[in-house]
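Each chain, letter by letter, is given below.
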Amino acid sequence: MRLRSLQIILWVAATAAVLAFAAVRWWPATDDTQAAASVFTPAFALADSEGRIRTTDEFRGKFLLVFFGFTSCPDVCPTTLSEVAQVMDDLGSDAGSVQPVFISIDPERDRRLGLADYTKAFHPAILGLAGSEAETQAAAASFKIFYEREADTASQDGYTMAHSPGLYLIGPDGAWLRQFTYGTPAAEILSDLQSRL
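Residues numbered from 1 in each chain as written. Predicted model: local features only at pLDDT ≥ 70, side-chain atom pairs only at ≥ 80, totals over all residues. Heavy atoms only, no water.

Thoughts on the overall build of the protein chain
The criterion, for reference: A run of DSSP states H or I qualifies as a helix once it reaches four residues; a run of E qualifies as a strand once it reaches two. Both are numbered from the N-terminal end. Per-residue accessibility, obtained with a 1.4 Å probe over protein chains only, is compared with the maximum for each type, and a residue is labelled buried under 20%, exposed over 50%, and partly exposed between these values. By definition in these notes, contact holds between two residues if any of their heavy atoms fall within 4.5 Å. In these tables, accessible area is a Shrake-Rupley quantity obtained with a 1.4 Å probe, and a residue counts as shielded only by the protein chains included in the view.
Looking only at helices and strands, one finds seven helices and nine strands in the protein chain. Put simply, the protein chain has 197 residues, and 41% of those count as buried. Considering only intrachain contacts with a sequence separation of at least 6, the fraction spanning at least 24 residues in the protein chain is 68%. Per element, the accessible surface of the protein chain, about 11100 Å² overall, is 56% carbon and sulfur.

Side note on the packing of aromatic side chains
Worth spelling out the cut-off: Two rings from Phe, Tyr or Trp (for Trp, the six-membered ring) form a pair when their centres are within 6.5 Å of each other. A pair whose planes differ by under 30 degrees is stacked, one over 60 is edge-to-face, and the rest are tilted. Charge-over-ring placement is defined geometrically: NZ (Lys) or CZ (Arg) within 6 Å of the ring centre, and within 35 degrees of the ring normal.
By the definition in use, this model includes six aromatic pairs. Seen from their ring centres, Phe-40 and Trp-176 are 5.6 Å apart, and the 15 degrees between their planes marks the pair as stacked. On the criterion of sequence distance, the pair formed by Phe-40 in the loop between helix H2 (32-38) and strand S1 (45-47) and Trp-176 in strand S9 (residues 176-180) is long-range, its members being 136 residues apart. According to the relative accessible area criterion, Phe-40 is buried, its value standing at 17%. For Trp-176, a relative accessible area of 25% puts it in the partly exposed group. What links up through ring pairs into an aromatic cluster is the set Phe-67, Phe-102, Tyr-118 and Phe-122. Here Arg-109 stacks its cationic end above the ring of Tyr-159, 4.0 Å away from the centre of that ring. Above the face of the Phe-40 ring, Lys-144 is positioned so that its terminal group lies 4.2 Å from the ring centre.

Structural notes on the UniProt feature "binding site: Cu cation" (unreviewed entry) in the protein chain
Filter applied, for reference: UniProt positions are given in the numbering used here, feature names are shortened, and annotations may be inferred rather than shown by experiment. Here a polar contact is taken to be a pair of N or O atoms separated by no more than 3.5 Å, where protein atoms must pair a possible hydrogen donor with a possible acceptor and residues adjacent in sequence count only if both atoms sit in side chains.
Using the residue numbers shown here, the UniProt feature "binding site: Cu cation" (unreviewed entry) corresponds to Cys-73, Cys-77 and His-163. These residues run over 91 residues, yet every pair of their C-alpha atoms falls within 10.2 Å of each other. Among the secondary structure elements, Cys-73 is positioned in the loop between strand S3 (63-69) and helix H3 (76-91). Note on Cys-73: relative accessible area 8%, which makes it buried. The residues contacting Cys-73, other than those within four sequence positions of it, are Pro-78 and His-163. Those residues in contact with His-163, other than ones at most four positions away along the chain, are Phe-67, Phe-68, Gly-69, Phe-70, Cys-73, Val-76, Cys-77, Ile-105, Phe-146 and Tyr-147. Polar side-chain contacts of His-163 include one of 3.2 Å to the backbone oxygen of Phe-68.

Concerning the environment of Asp-90
Its location among the elements puts Asp-90 in helix H3. Look at Asp-90 and you get partly exposed, because its relative accessible area is 38%. Along the backbone, Asp-90 and Ala-187 are 97 residues apart, and their C-alpha atoms lie at a distance of 8.7 Å. Look past the residues within four positions of Asp-90 in its chain and what remains in contact with it is Leu-190 and Gln-194.

Quick word on the pairing of strand S8 (residues 167-170)
Put simply, side chains in a regular strand alternate between the two faces of the sheet. The line we're drawing: At least two bridges found by DSSP between two strands is the condition for calling them paired.
Taking every second residue as pointing to the same face, both faces of S8 are buried, with Leu-167 and Leu-169 on one and Tyr-168 and Ile-170 on the other. Pairing analysis gives four bridges linking S8 to S9, with the strands arranged antiparallel. Counted as the bridge partner of Ile-170 is Trp-176 from S9.

Some details on the pattern of salt bridges
Let me state the cut-off plainly: In the sections that follow, a salt bridge refers to a side-chain nitrogen of Lys or Arg positioned within 4 Å of a carboxyl oxygen of Asp or Glu.
Overall, the coordinates contain nine salt bridges when judged by the stated rule. The salt bridge partner of Asp-48 is Arg-54, with a shortest N-O separation of 3.1 Å. Residue classification places Arg-54 among the buried residues on the basis of a relative accessible area of 12%. One salt bridge connects Arg-60 with Asp-57, and the closest N-O pair in it is separated by 3.3 Å. According to the relative accessible area criterion, Arg-60 is partly exposed, its value standing at 41%. One continuous salt-bridge network, built from bridges that share partners, spans Asp-48, Arg-52, Arg-54 and Glu-58.

See the structure below:
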């Protein structure tokens, strides 16, 4: 009987030790280390329609709504830019605290087609940027987004662009705050921004 009791005590102690080790080893971090690891500061240095290089640093103190796309996009880009335009209108007097930015992933064609006219057609506050291919790749890598050219015989130029469709919110300190997935309603984006202003 004593031996059986001792075996049970040892089994319970061994189980407790294994559980304690597992909790320490695999339990999610509860300090700010994990949160800090997920925060990053994306950056761009790209030309506007007048050839002036615009950078993320110049917008410190403002929230940025950043979207990567192209002017020949049939659906995702115009839909997202329409949502951004609605947000800017609905922000009213707080609109000056937010800078919407459209970064071209097809800079050569978009410059030729009139990037500034395209963005202004949605809202005058939307800043269109188009750099060199290397500058565009650097900005995309910094924001951790995907884009590539794809053959498309239905397109006038014989190609289209595939790309990540998210809208990215960057804080006044330059840190990434969140991604709005494609199709997020303007009201939801507006509510999120208003809660931060």
